[in-house]
Amino acid sequence: MLNNSSTNNDTKRSENATSLSCFADCKPAAFELKNLAWSPYKHTPLLHPISITVNPTEFVAVVGPNGSGKTSLLRCLYRVNKPSSGQVLMDGKDIWSLPARTCAQRIATVLQDTGAEFGLSVFEMVEIGLTPKSTSWKRTAEDSEAIESVLALLDVSHLIERNFNALSGGERQRVMIARALVQGPDILILDEPTNHLDIRHQLEVLELLSTLPCTIIVSLHDLSLAAAYADRVLVMKDGQMQGYSAANEAFTEQQIEHVFEVKTIIDQHPITRRPRFSFYTNNQQD
Ligand SMILES: Nc1ncnc2c1ncn2[C@@H]1O[C@H](COP(=O)(O)OP(=O)(O)OP(=O)(O)O)[C@@H](O)[C@H]1O
């Protein structure tokens, strides 16, 4: 977490960075959203002005109900949704003033619902992650080694020769995360990466992400995971920012009722000491 365990996080991150050669040149990016607003319509705003900063190596979780604007916001950050007003600055430069290739080299994404990919194998799918930074068409021994390392980290080495299209949803998701990691990005943006994962893999993936040396912005539906692994949490509702604070201060029972329209009891997990959420509806009260 941001305040009380930043030293532990830094140690874990640097240990992991040394074990992943693809992050050897990582220069974690700072992001600044300056009154960023977006809408596909002229007069109806979908994302209302948001101003936040994300520091290099920070892990930011974006949470909010369905339709609150999480994906729209992430699409602004990886240069797909052009702001209607305001700016997204990466290391002080407006991403729309930078060459697309620079953004593609520095930013890796893991998006929802990856479609069919022309019958490529798992190895070939992950190899695509090397494209933004590659200077030659020829695959080197280091490239193959990097691909094998990220597949091992995501627990999908055994699928290396399998057809990507024939994988389960959770297996595909882990392969797509491996593809983003092999790029060795300076900023990693993930849209609901734990959606198809079983509980063990949800925890393992979040734990892995929290050790990476790059800046991370991830949308999550699971508030426990956001509270457990993020440094800061951005809470969204109806396209508006409701709060942006350290993960251990991000959630209160009143705020969850306001944003998610459910009741909650928040206490402390007896083992991990992290916030534990027990949700219920009005109908479930005695
Ligand atoms: N290109 C678009 N054109 C029109 N409406 C859009 C477009 N993109 C998003 N929206 C609308 O903006 C709102 C926010 O959508 P968004 O996908 O950002 O929400 P979300 O918080 O990611 O939701 P979920 O949790 O369901 O994935 C929704 O009402 C959606 O229909």
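The name an unreviewed UniProt entry gives the chain is ABC transporter ATP-binding protein, with Psychromonas arctica as the organism.

Another point: the overall build of the chain. For the chain, the helix and strand inventory stands at nine helices and twelve strands. Since a compact globule built from 286 residues should have a radius of gyration of about 19 Å, the 19 Å found for the chain is in line with a globular shape. Summarising its shape, the C-alpha atoms of the chain cover approximately 60 × 45 × 40 Å along the three principal directions. Across the 286 residues in the chain, those meeting the buried criterion constitute 48%. Across the chain, the fraction of contacts at a sequence separation of at least 24, relative to all contacts at a separation of at least 6, is 67%. For the chain, the exposed surface amounts to about 14000 Å²; the carbon and sulfur share of it is 49%. The positive charge centre, built from 26 side chains, and the negative charge centre, built from 33, are 6 Å apart in the chain.

On to the pattern of salt bridges. Tallied over the full model, the rule gives nine salt bridges. R174 serves as the salt-bridge partner of D155, at 3.8 Å between the closest nitrogen and oxygen. Here the residue D155 occupies a position in the loop between α5 (141-153) and α6 (169-182), and R174 occupies one in helix α6, the gap between them amounting to 19 residues. In this structure D155 comes out as partly exposed when scored by relative accessible area, which is 28%. Residue classification places R174 among the buried positions, given a relative accessible area of 8%.

Around the ligand lies a shell of 15 residues, among which G67, G69, K70, T71 and S72 are the nearest. Residue S72 places a side-chain N or O atom 2.6 Å away from an oxygen atom belonging to the ligand. For the ligand, whose unbound accessible area comes to 640 Å², protein coverage reaches 60%. Among the elements that take part in the shell around the ligand, helix α2 (residues 70-77) stands out by supplying three residues, more than any other. Residues belonging to the shell around the ligand are distributed by class as follows: five nonpolar, eight polar and two charged.

Tracing the chain through its elements places K70 in helix α2. On the accessibility criterion, K70 (4% relative accessible area) is buried. For the pair K70 and D238, spaced 168 residues apart in the sequence, the C-alpha separation amounts to 9.9 Å.

Attention shifts here to the packing of aromatic side chains. As enumerated under the stated definition, the model contains two aromatic pairs in all. Between F277 and F279 the ring centres are 6.0 Å apart and the planes differ by 5 degrees, which places this aromatic pair in the stacked class. Overall, F279 belongs to the partly exposed group, its relative accessible area being 45%. Grouping aromatic residues by their ring pairs yields a cluster made of F251, F277 and F279. It is R79 that lies over the ring of W96; its NZ or CZ is 4.7 Å from the centre. Stacked on the ring of Y229, the Lys or Arg R274 has its end atom at 5.0 Å from the ring centre.

Rules of the game
Residues numbered from 1 in each chain as written. Predicted model: local features only at pLDDT ≥ 70, side-chain atom pairs only at ≥ 80, totals over all residues. Heavy atoms only, no water. Helix = DSSP H or I, 4+ residues; strand = E, 2+ residues; numbered from the N terminus. Rg over C-alpha atoms; globule rule 2.2 N^0.38 Å. Buried < 20%, exposed > 50% of the residue type's maximum accessible area, 1.4 Å probe, protein only. Contact = heavy atoms within 4.5 Å. Areas by Shrake-Rupley, 256 points an atom, 1.4 Å probe, with all protein chains shown as cover. Lys, Arg positive; Asp, Glu negative; His and termini not counted. Charge placed at Lys NZ, Arg CZ, Asp CG, Glu CD. Salt bridge = Lys/Arg side-chain N within 4 Å of Asp/Glu carboxyl O. Near = heavy atom within 4 Å. Polar contact = N/O pair within 3.5 Å; in protein donor to acceptor, adjacent residues only side chain to side chain. Nonpolar A, V, L, I, M, F, W, Y, C, P; charged D, E, K, R; others polar. Phe/Tyr/Trp six-rings, centres within 6.5 Å; stacked < 30°, edge-to-face > 60°. Lys NZ or Arg CZ within 6 Å of the ring centre and 35° of its normal.

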